[in-house]
Structure formats: C-alpha cells, structure tokens
Amino acid sequence: MAYETIIIETRGRVGLVQLNRPKALNALNLELLGELGQALAEGQKNEKVRCFVITGSEKAFAAGADIKMMASQSFVDVFAGDLFTPEEDAIMRIRKPIIAAVSGYALGGGCELAMMCDFIIASDTAKFGQPEVNLGVMAGMGGTQRLTKLIGRAKSMDMNLTGRFMDAEEAERSGLVSRVVPTKDLMKEALSAAGKIAEKSMITVMAIKEAVNRAEQLPLTEGILFERRVFHSLFATEDQKEGMDAFAEKREAQFRDK
Ligand code: DAK
C-alpha cells in the first residue's frame, strides 16, 4: 500500500518506518498517525517482520502534533472527535517490539510517540521536550503520564511546566532513552538492535513485551505473579526446548516460533 506521510521498508526481518513530512519537521497529523498505525498493523500480520524501527529525519524525529491542524479546533471538535485516541490505541495494540530511533527534535506528540515505542535509541543531537505549555495546552498522548513513569516526578514536572528541552545525555541519564550514539551511527545501531530481537523466538519476545509493560500497570506482587506464570507457560513451547538444548549442545538456537 502506498503511503503519503511515511516511508516503509523491510530491512531483513525488520520493518523500518520513516516519518516523512520534512517541511513540517514530521509534525503529527491524523493522516501520518493513521498511516503509521496501518503500517504497523500490516507488519504485525506479516510473518517476515519481527521487529519495527520508527525513525524521522536527522533534524526531527517529530516536532509535535501538527499545531496548524489543531489551531482552529474547538473543545467540542477535539472532545467529540476524540482527537488522536484511535491512532494512539492502534500503536499500543502492536505486540511485536518497536524501537524509536530518534535524531533531532522529539517534542510534544513526537516525544510521546517515541515513548509509545518499547525503547528509544537516540543520536547525540536528540532533543526531547513537552513544550505544549507554551501553546496554552498540555501534553495529551502520555507526556504527563508515561514521561513521569520513565523519568520521575521532578524531571517530568520540570519538562511539562517549563517546556524546556532535554538533550540526549540528560535523557539517557534520566532513563528516557536506552542508548545514545553519534548521529551517523543511529540507524546502524537501531537496526542492529532490532535485528538481534528478530533472531529470537517471536513467542518469547511478545511475552517479554507484555510482561515488561505490565510493570507500569500492576502492583509488584501481581506483576511478579504475571511474570512467573508467563515464564511457566513458555515451557509449553518448542522454542524453550530448542533454546535450552542448543545451550547444552553449544550451538546457535534455531527458533521456529512454536
Ligand atoms: N506543527 C506544525 N508545523 C510545525 C511544527 C508543529 N508541531 N513544528 C514545526 N513546524 C513547521 C514550522 O511551522 C515550519 O513551517 P514553515 O513556517 O516553514 O511553513 C517548519 O516546520 C520548520 O520549522 P521552524 O522554521 O520552526 O524550524 P526551526 O529549526 O526554527 O525550529 C522547532 C524548530 C522544533 C524548535 C520549532 O519548529 C518548534 O518549536 N516547533 C513546535 C514545537 C512544539 O511546540 N511542539 C508541540 C506541539 S503540540 C492530543 C495529544 C497530543 C497532542 C495534542 C493533543 N490529544 C490526545 C488530544 C500533542 C500536542 C503537541 O505536540
């Protein structure tokens, strides 16, 4: 299917999605988020795609939701139309891992989109921020919630209330991103991480994603129980036998997602 606002490509077993509204620094409008959700859903169904990487341009991952699209909308428009809810839900329904490869600006909805991914690899030029306060609004896709869980209350309040940008080094120190690399290495690093994930059993990988995401929702004892039960259930898979046999036989495991 042809897309207008994203470019999709399969690199080996990785689905690569590049946000592509360069003139607007990849500002997120309904079309872009709709296309992104659709591309991810197609990749979810495609057995050849085992992990996703979402990226933008060198200058901007995404500079936020499209301010020009939102400017004239009323409360009734955004509330009754439930702005961005179906689009966010579509991304959060994806069960295969998604890595955000962020260079340049990841602001507002752009920062929130990166946080919807399973982890973020940033270039040393990355800048994260929730500057909605400067527009007389506030974050609306996780900037007060996911960001607070990721970097804690003090830094989240600072970011959301002042609208300041956080550079890559501070973002890594704060737990927002998992790795920082030079810009020229960003895609190599992200694709290599995705390629490593793609070699694993997809059943195991999807179970791990579910379990880690439960950590944000459940009290510790419930989360630990969920983790233990899913761990137990993986012993019903052929891939558990293969993984452990391969270790004992000192060879690479050949997982079959069964
Ligand atoms: N929307 C629309 N256009 C944007 C944009 C944006 N967010 N960001 C940049 N652009 C456009 C600029 O208008 C400009 O277009 P032209 O004037 O050339 O036509 C072009 O991209 C290049 O931008 P600049 O000329 O400004 O480039 P600079 O290098 O000088 O500055 C910048 C880069 C990133 C610092 C600056 O562009 C900037 O401050 N951008 C806005 C950042 C921002 O405020 N982001 C937050 C947006 S509000 C919701 C959920 C979520 C949200 C809302 C609702 N619901 C669930 C209801 C999210 C809201 C937001 O994200």
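None of the values given here were measured: they were computed from a predicted structure.

**Focus on the environment of leucine 107**
Position of leucine 107 among the secondary structure elements: in strand β6 (residues 105–107). For the pair leucine 107 and leucine 186, spaced 79 residues apart in sequence, the C-alpha to C-alpha distance is 19 Å. What leucine 107 contacts, discounting residues up to four positions off in sequence, is Ala62, Ala63, Gly64, Lys127, Phe128, Gly129, Pro131 and Phe165.

**A look at the site of the ligand**
Taken together, 24 residues sit near the ligand, with Lys59, Ala63, Ala65, Lys68 and Gly109 positioned nearest. A distance of 2.9 Å separates a nitrogen atom of the ligand from a polar backbone atom of alanine 63. One of the backbone nitrogen or oxygen atoms of isoleucine 67 is found 2.9 Å away from a nitrogen atom of the ligand. Out of a free accessible area of 1100 Å², the ligand has 66% covered by protein chains. If you list the elements that add at least two residues to the shell around the ligand, you get α2 (67–70), β6 and α5 (109–116). Here the shell around the ligand gets three residues from one element, more than from any other, and that element is α2. In terms of residue class, the shell around the ligand is made up of 14 nonpolar, four polar and six charged.

**A few points about the pattern of salt bridges**
One pass over the structure, following the stated rule, counts 15 salt bridges. Across the pair glutamate 9 and arginine 11 runs a salt bridge whose closest N-O atoms are separated by 2.5 Å. A relative accessible area of 35% places glutamate 9 in the partly exposed class. When the shortest N-O distance is used, the salt bridge between glutamate 242 and arginine 251 registers 2.7 Å.

Conventions used here
Residues numbered from 1 in each chain as written. Predicted model: local features only at pLDDT ≥ 70, side-chain atom pairs only at ≥ 80, totals over all residues. Heavy atoms only, no water. Helix = DSSP H or I, 4+ residues; strand = E, 2+ residues; numbered from the N terminus. Contact = heavy atoms within 4.5 Å. Near = heavy atom within 4 Å. Polar contact = N/O pair within 3.5 Å; in protein donor to acceptor, adjacent residues only side chain to side chain. Areas by Shrake-Rupley, 256 points an atom, 1.4 Å probe, with all protein chains shown as cover. Nonpolar A, V, L, I, M, F, W, Y, C, P; charged D, E, K, R; others polar. Salt bridge = Lys/Arg side-chain N within 4 Å of Asp/Glu carboxyl O. Buried < 20%, exposed > 50% of the residue type's maximum accessible area, 1.4 Å probe, protein only.

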